[in-house]
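Residue-level structure breakdown
Residue strings, one per chain:
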Amino acid sequence: MKRIVSKGDAPYYYLKVLLEFEDKTMTVDVLTFRTVIMKAMMSMYGEIGAAVPIDILKYDVETMSAILRVAGSNMVKLWGALTMLSYYDEKPCAFRVEQVSPFLMALAASSRQLLLHTKE
Amino acid sequence: MVRFKHRYVLAELVFGNDLLVYNVTQRVVYAAVRDIIEQLHGGYGIGLFTPGMSVKYINEYTRMVMVRCRRENLKILASAIPFIKHLPDGKGGQFPCFLRTLHVGGSIKACQKWLVQHNRQVLPTLLLRCTSEEEKSRMRKSIFDSTIVKEEPWTEGKNDT
């Protein structure tokens, strides 16, 4: 049984993520946001997972969306932990991973978020 | 045919005081290793180690334990074992103890062979720790008995006992 893990050839991966609470009125600041990510990594990958360097390049409090930067070898761990998260502080919540790319520029535009001007 | 390959980690239990013998069971060591893996690697670690990990051998007097794991997970196990600092004593408390990895083998038999060799080497160090003459002579005798291959009946030893 040989396990093959693709470490990718990119040094960093950039993830555009969005935190969503069941209670829509709730907002968290950037430090709490980082704690949520750390708790998610902690519960799935323990203290070694929680020690993975994850940078928040940009955080928007209004939408609770952020651009994360993580080393390519840890990208799968982070993505997995974010997906598995279901509660923070006993409040149901979820992460939506919107875009993942090895290039930050790729997150500059997303065709999914285009607002097409249609005639009314 | 596919075969599950295992690795056996042979470790020495190091207590604060060498002369104390604690009542350490396989279950206690298993729980300690499992707990430390859960602490370090979380649910992922538990998932890796639930199939395949077990404590195969324990000797309270020579303080040796043998932990088995899947071959793929050896690195994780070997790196987690040094983080064990305490073992539960069965009375709700804990005593300080760590595991010193001595050998990693591919089969129980290979580990046992190595262990016999190791115990022979360790015996003389026990001699240095003896305090009284009587203890020393008993220790010399037991070293002699275990290291010399007797080809014919050893009359001198028989006369002694």
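For clarity, every value in this text was computed on a predicted model and none was experimentally measured.

**What about the overall build of chain B?**
A count of helical and extended segments in chain B gives five helices and five strands. Scanning chain B from its N terminus toward the C terminus, one meets helices and strands in the order β-α-β-β-α-β-β-α-α-α. Within the span of chain B, comprising 161 residues, buried residues form 35% of the whole. Put simply, of all contacts in chain B between residues at least 6 apart along the chain, 64% involve residues at least 24 apart.

**Remarks on the sheet that holds strand E1 (residues 12-21) of chain A**
Paired through backbone hydrogen bonds, the strands of a sheet run either parallel or antiparallel to each other. Residues and elements named next belong to chain A. Strand order in the open sheet formed by five strands is E2-E3-E1-E5-E4, and the pairing between neighbours is antiparallel. Each edge of the sheet is formed by a strand with only one pairing partner; in this case those strands are strand E2 (54-60) and strand E4 (87-88). With seven bridges joining them, E1 and strand E3 (residues 65-71) adopt antiparallel strand pairing. Each bridged residue has a counterpart across the sheet, and for Leu18 the counterpart in E3 is Ser65. Against the sheet, helix H1 (residues 30-50) contacts E1, E2, E3, E4 and strand E5 (91-101), and its axis sits at roughly 140 degrees relative to E2.

**Considering the packing of H1(A) against helix H2 (residues 75-84) of chain A**
Helix packing geometry: the angle between the two helix axes and the distance between the axes. Residue and element names in this part refer to chain A. The interhelical angle for the contact between H1 and H2, taken along N-to-C directions, is 100 degrees, at an axis separation of 8 Å. Our classification of the angle between H1 and H2 gives roughly perpendicular. Within the contact between the two elements, H1 uses Ile37, Ala40, Met41, Met44 and Tyr45 and H2 uses Lys77, Leu78, Gly80, Ala81, Leu82 and Met84. Across the contact of H1 with H2, the residue classes tally to nine nonpolar, one polar and one charged.

**Looking at H2(A)**
What sets the pattern is the α-helix's 3.6 residues per turn: residues three or four places apart point alike. All names here are of chain A. Among the residues making up H2, those that are buried are Met75, Leu78, Ala81 and Leu82. Down the axis, H2 shows its buried residues gathered within 135 degrees of arc, on one side only. Residues of H2 that are exposed and point over 90 degrees away from its buried face: Val76, Thr83 and Met84.

**Let's talk about the interface of chain A and chain B**
Taken together, the contacts link 10 residues of chain A with eight residues of chain B. Both faces considered, chain A and chain B share a buried interface measuring about 820 Å² in area, 51% of it formed by carbon and sulfur atoms. The tally of links from chain A across to chain B stands at zero salt bridges. Here the side of chain A that touches chain B is composed, by residue class, of five nonpolar, three polar and two charged.

**Quick look at the pattern of salt bridges**
When the charged atoms of two side chains with opposite charge come close together, those side chains can pair. The full count for this structure, using the stated rule, is six salt bridges over all chains. Note that Arg96(A) is salt-bridged to Glu20(A), the shortest N-O span being 2.9 Å. With a gap of 76 residues between them, Arg96(A) in strand E5 and Glu20(A) in strand E1 connect regions that are remote in the sequence. A salt bridge links Arg138(B) to Glu134(B); the shortest N-O distance between them is 3.4 Å. Here the residue Arg138(B) and the residue Glu134(B) both occupy positions in helix H4 (residues 133-147), the gap between them amounting to four residues, near one helical turn. Each of the salt bridges in this network shares a partner with another, and the network as a whole consists of Glu20(A), Lys24(A) and Arg96(A).

**Topic: the pairing of strand E2 (residues 54-59) of chain B**
Consecutive side chains along a regular strand alternate between the two faces of the sheet. All names here are of chain B. With five bridges connecting them, E2 and strand E3 (residues 64-70) associate as antiparallel partners. Across the sheet, the residue bridging to Ile58 is Val65, located in E3. If you look at the hairpin formed by E2 and E3, you'll find four residues sitting between the two strands, and Arg63 has a positive phi there, around 55 degrees.

Reading the values: rules and limits
Residues numbered from 1 in each chain as written. Chains lettered and ligands numbered in written order. Predicted model: local features only at pLDDT ≥ 70, side-chain atom pairs only at ≥ 80, totals over all residues. Heavy atoms only, no water. Helix = DSSP H or I, 4+ residues; strand = E, 2+ residues; numbered from the N terminus. Buried < 20%, exposed > 50% of the residue type's maximum accessible area, 1.4 Å probe, protein only. Contact = heavy atoms within 4.5 Å. Pairing = 2+ DSSP bridges. Axes fitted to C-alpha atoms, helices over the stretch in contact; angles between N-to-C directions. Parallel < 35°, antiparallel > 145°, perpendicular 65-115°, else oblique. Nonpolar A, V, L, I, M, F, W, Y, C, P; charged D, E, K, R; others polar. Arc of directions from axis to C-beta. Buried area = accessible area lost by both parts, 1.4 Å probe. Salt bridge = Lys/Arg side-chain N within 4 Å of Asp/Glu carboxyl O.

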